[in-house]
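# Commentary on secondary and tertiary structure
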Amino acid sequence: MRKELSAIVGGIRPVDEETSFIGAKSANETHHYVERDRLVTLKALQNAIYPVLEKYLNRNNCHSVLEVGCGTGFFSRWLAPQWLQGQLVSLEINPAALKEASKLFPNGNLLWASVYRLPVGNEKLDAIIGLSSFDSLLFLTKALKEAHRSLKPGGKIILFQDLSTELYYENGEDKSSIGANFASIERYHKDLITDLEERNFHILEGNENCLEAIAVESVEDIESRVDADIPRRNYPIFVGCDRGYSFPVLSKTNMKESGYKKSDIEEWLDTTSLDKIEGTFRSQLSFVEQEAGAGEVIEWVRIRYLVAESI
Ligand SMILES: C[S@@+](CC[C@H](N)C(=O)[O-])C[C@H]1O[C@@H](n2cnc3c(N)ncnc32)[C@H](O)[C@@H]1O
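Just so we're clear, the structure is a prediction, and the values are computed from it rather than from any experiment. Counting starts from 1 at the beginning of each chain's written sequence and moves along it residue by residue. Selection of residues for local features in this predicted model requires a pLDDT of at least 70, selection of side-chain atom pairs for listing and counting requires 80 or more, and totals for whole chains, interfaces and linings are taken over all residues.

### What about the overall build of the protein?
What counts, and what does not: Helix and strand definitions here come from DSSP, where helices need a minimum of 4 consecutive H or I residues and strands a minimum of 2 consecutive E residues; each element is numbered from the N-terminal end. Whether a residue is buried, exposed or partly exposed follows from its count of other C-beta atoms within 10 Å of its own C-beta, namely 20 or more, 12 or fewer, or something in between, respectively; the C-beta atoms are built from the backbone.
Helix and strand counts for the protein come out as 10 helices and 11 strands. Across the 311 residues of the protein, 43% fall into the buried class.

Next comes the structure, spelled out in structure tokens:
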């Protein structure tokens, strides 16, 4: 499949009406801070998505996987497991993003094309993956029709969705706050399910639940992939977010989930008169029952996902 796709790289020129909100923006405008934030919680993100990929893709018999809307390539470069990277072709409509992706990921299999006209024959793909991309499409139904055409019967569409992403989905309403975006993501998700069912997909997973995962890493390990200094503390640091949005660690004050490992910090709390711990009110602190110590970061993420099968 890769040969088929690479043979026409650049051969499809997306037309104006196919470009999305981001098509006109420079990739750098949004890319770097999103990537930095996500890199803080990379292990937790991987812990969330790996089981889904393992469950629905047969790593020994999965030769043609297309990522739609790769942007600057975060999924293919960082998030995808090694076994998948070799099978993956990543497609993007925005040339600026693609240029950035090819700079950052010279070995990636990148393709300039639109999801509305996939450069793939009928029933060729084992899977289509999207990370926060199908919500950006102006014509979701058209994209799903095209996905169905190009997937083999039994082929999977696997979509992961940052919850704190700014949603530009057509039917989204108020975009003024993260809470409103969250609501509209839920709305998008419902529409997506209806649309998929109408296009002959069978929903396998993700109707209701979000993916949640935790990872514990040392500050040094995180710093080895993130170009920023993370503060050292004599207790575990918690970074909880929908996509790693709360960098610098603990700067998000309204996170109810913000907390530390109980046994490590209770004693310390008894000896301090501070009302706020790292920007979080004492009364709002909740504890994660997770083994971690000083110099370690507890990463927590929650993302929406959906897996459907082409029938
Ligand atoms: C929110 S960004 C996500 C990018 C990347 N997946 C990530 O998570 O970093 C959505 C991406 O979908 C791309 N996109 C929008 N419409 C598209 C289309 N018709 N065909 C292919 N990609 C499209 C946008 O250009 C953008 O890069």
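### Points about helix α3 (residues 42–56)
Helical periodicity: at 3.6 residues per turn, an α-helix aligns residues three or four positions apart in one direction. How we decide: In this analysis, the expected span of each helix is defined as 1.5 Å times one less than the number of residues it contains. To get the bend at any residue, fit one axis to the seven residues that end at it and another to the seven that begin at it, then take the angle between the two axes.
Compared with an ideal rise of 1.5 Å per residue, which puts 15 residues at 21 Å, α3 spans 21 Å between its outermost C-alpha atoms and is within 8% of the ideal. The sharpest bend along α3 measures roughly 30 degrees and falls at I49, with the proline P51 sitting one to four residues further on. Along α3, the positions that sit buried rather than exposed are L42, K43, A44, L45, A48, I49 and L53.

### So, the environment of E67
Where we set the bar: Any two residues are considered in contact once their C-beta atoms, placed from the backbone, lie within 7 Å.
One can find E67 in strand β1 (residues 65–68). Note on E67: 27 C-beta atoms within 10 Å, which makes it buried. Distance in space between the C-alpha atoms of E67 and L91 is 5.9 Å, their sequence separation being 24 residues. Sequence-distant contacts of E67, defined by excluding residues within four places in its chain, comprise F75, S76, L88, S90, L91 and I129.

### A closer look at the environment of Q85
Position of Q85 relative to the elements: it lies in helix α5 (residues 82–85). Judged by the 17 C-beta atoms lying within 10 Å of it, Q85 is partly exposed. Between the C-alpha atom of Q85 and that of F75, which follows or precedes it by 10 residues, the distance is 9.3 Å. Apart from residues no more than four positions distant in its own chain, Q85 is found in contact with S76 and A80.

### Some details on the nonpolar core
For soluble globular proteins, nonpolar side chains are generally found buried alongside one another. Using the following cut-off: One nonpolar core equals one set of buried Ala, Val, Leu, Ile, Met, Phe, Trp, Tyr and Cys residues connected by C-beta atoms within 7 Å. Annotation comment: domain bounds sourced from an automatic or database domain assignment.
In this structure, L91, I128 and I157 are the most contacted members of the largest nonpolar core, which totals 67 residues. Looking at this core, you find at least three residues from each of domain 1 (2–210 + 303–310) and domain 2 (213–301). Not counting chain neighbours up to four residues away, the residues in contact with I128 comprise L66, V68, A147, L151 and I157.

### Describing the pairing of strand β4 (residues 125–131)
Quick reminder of the rule: Only when DSSP finds a minimum of two bridges between them are two strands counted as paired.
Of all seven residues in β4, seven are buried, a share of seventy percent or more. Relative to strand β5 (residues 151–162), β4 is paired through six bridges, and the arrangement is parallel. Bridging from a neighbouring strand, I128 pairs with I157 of β5.

### A look at unusual backbone geometry
Phi at S132 takes a positive value of approximately 45 degrees, unusual for a residue other than glycine. On the secondary structure map, S132 appears in the loop between β4 and α7 (140–150). With phi around 65 degrees, N200 is a residue other than glycine that occupies positive phi space. Relative to the assigned elements, N200 resides in the loop between α8 (178–198) and β6 (201–205). Among the residues examined, N200 registers 14 C-beta atoms within 10 Å and is labelled partly exposed.

### Section: the pairing of β5
The side chains of a regular strand alternate between the sheet's two faces. Going by this rule: Place the viewer so that the strands point away; then a crossover is right-handed whenever the path from the first strand over the helix to the second strand goes clockwise.
Most of β5 sits inside the fold, with nine of its 12 residues counted as buried. Once you follow β4 into α7 and on to β5, the crossover reads as right-handed. Here β5 runs beside strand β11 (residues 296–310); their pairing, made up of seven bridges, is antiparallel. Its bridge partner lying in β11, K156 is registered against E309.

### Here we look at helix α6 (residues 95–104)
Stated formally: When we speak of the arc, we mean the arc of directions from the helix axis to the C-beta atoms.
Turning to α6, its buried residues number three or more, namely A97, L98, E100 and A101. The buried residues of α6 all sit within an arc of 160 degrees when viewed along its axis, so they share a single face.

### Notes on the confidence of the model for the protein
This is how it is decided: pLDDT is a residue-level measure of predictor confidence that goes from 0 to 100.
Looking at the protein, the pLDDT average stands at 77 and 67% of residues meet or exceed 70. For residues 15–25, every residue scores under 50 in pLDDT, and the model assigns this stretch 16 contacts once sequence neighbours within four places are set aside.

### A few points about the environment of Q87
Among the secondary structure elements, Q87 is positioned in the loop between α5 and β2 (88–92). Sequence-wise, Q87 and V65 are 22 residues apart; in three dimensions their C-alpha atoms are separated by 6.0 Å. Apart from residues lying up to four places away in sequence, Q87 is in contact with C62, H63, S64 and V65.

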